[in-house]
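Here's the letter readout for the chains.
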Amino acid sequence: MSRKTGKWKIWKAGILVLLLAGALLFYRDHLGDILDGVQQVTRVQLGGSLVLAALGYLLEGLAISGMIRTWEAGNRENTVGYGIFTALAGEFYRLATLGNGSGIAKIHFLHQRGIETGNATGLVMIQYLCKRLAIAVLGTVGFGVLCLQGEDAGNLCRKYAVCIVAGNVLALAVVAGFLAVMLSVRVNRHLLAILDWAGRMWPVCGKWVPVWKEQAGILHQSGREVFGQKGREAFRLLRTSS
């Protein structure tokens, strides 16, 4: 192992420790409540939760493994193990970065296995959209079940019906917006025009406009390639992620 590689591994370990310490610091006011809640959970409930969580990561890992086998240009060995590792690594970075690092981490690890960054971005974005839709559907079903659990619970839940509807509308709007940018040439052209207009109206945003335009272009190109060339197979693989 070269000295440069050894230093890089030390740097990566140090960054992970800092991210973990930052997450613990962020949640420090809630650690007591978290521990109290965990202590009130029975062993059966805890075991069941762990099994369900493990199955979720297993399914996501299998979906990522399918992505690797479909798009990878190089080594195809141990794709299942690497897929599960990528799913778990994405969850770790999500927690360590307070929810912002999961997608970037998955793109990085997919790129490490030979998938181009643009295609990896499109795949991770489709996976994100599938999860948003699944959360919206499960949340709505769960809310409906709670509304039927007795008069007190039903009355309490119905007070938040407007919030549930608004949340679902927002989730569908986000999904539709991303799909439009990924698939529609016209929408992408209008988005670029809006970014140019924003740069002229607010000079402070001018330096960011080229970056945003580049990201929109990458998302559009990768989305059309993923859906156009291997869309059916991608959806078959990604449905398990949702």
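Residues numbered from 1 in each chain as written. Predicted model: local features only at pLDDT ≥ 70, side-chain atom pairs only at ≥ 80, totals over all residues. Heavy atoms only, no water.

Colleague: Before we move on, can you summarise the overall build of the protein chain with the specific residues and values?
Modeller: What the protein chain contains, in helices and strands, is 10 helices and 0 strands. Along the protein chain, helices and strands appear, N-terminal first, in the series α-α-α-α-α-α-α-α-α-α. For the protein chain, buried positions account for 28% of its 242 residues. Partitioning the intrachain contacts of the protein chain with sequence separation of at least 6 by distance along the chain shows that 63% fall at a separation of at least 24. Of the roughly 16000 Å² that the protein chain leaves accessible, carbon and sulfur atoms contribute 67%. (Helix = DSSP H or I, 4+ residues; strand = E, 2+ residues; numbered from the N terminus. Buried < 20%, exposed > 50% of the residue type's maximum accessible area, 1.4 Å probe, protein only. Contact = heavy atoms within 4.5 Å. Areas by Shrake-Rupley, 256 points an atom, 1.4 Å probe, with all protein chains shown as cover.)

Colleague: Help me get a handle on the packing of aromatic side chains, residues and values and all.
Modeller: One pass over the structure, following the stated rule, counts 5 aromatic pairs. Seen from their ring centres, Y128 and F178 are 6.4 Å apart, and the 80° between their planes marks the pair as edge-to-face. Of the two residues, Y128 is situated in helix α6 (residues 117–147) and F178 in helix α8 (residues 161–183); the sequence distance between them amounts to 50 residues. The class for Y128 is partly exposed, based on a relative accessible area of 36%. Through pairs of rings, three or more aromatic residues link up here, namely Y82, F85 and F109. For R113, the ring lying beneath its charged end belongs to Y82, and the centroid distance is 4.8 Å. (Phe/Tyr/Trp six-rings, centres within 6.5 Å; stacked < 30°, edge-to-face > 60°. Lys NZ or Arg CZ within 6 Å of the ring centre and 35° of its normal.)

Colleague: Tell me about the environment of G66, and please be specific about residues and values.
Modeller: Mapping G66 onto the fold places it in helix α3 (residues 43–71). Classification of G66 by relative accessible area gives buried; the value is 1%.

Colleague: Which residues make up the nonpolar core, and what are the values?
Modeller: I64, M67, I68, F109, L110, I115 and A120 are the most contacted members of the largest nonpolar core, which has 14 residues in total. When contributions to this core are tallied by element, the ones reaching two or more residues are α3, α4 (79–96), α5 (102–112) and α6. No other element matches the 4 residues that α5 contributes to this core. Those residues within four positions of A120 in sequence are excluded, and the remaining contacts are I107, L110 and I115. (Core = buried A, V, L, I, M, F, W, Y, C linked by side-chain atoms within 4.5 Å.)

Geometric descriptors of this kind do not, in isolation, establish any biological role.
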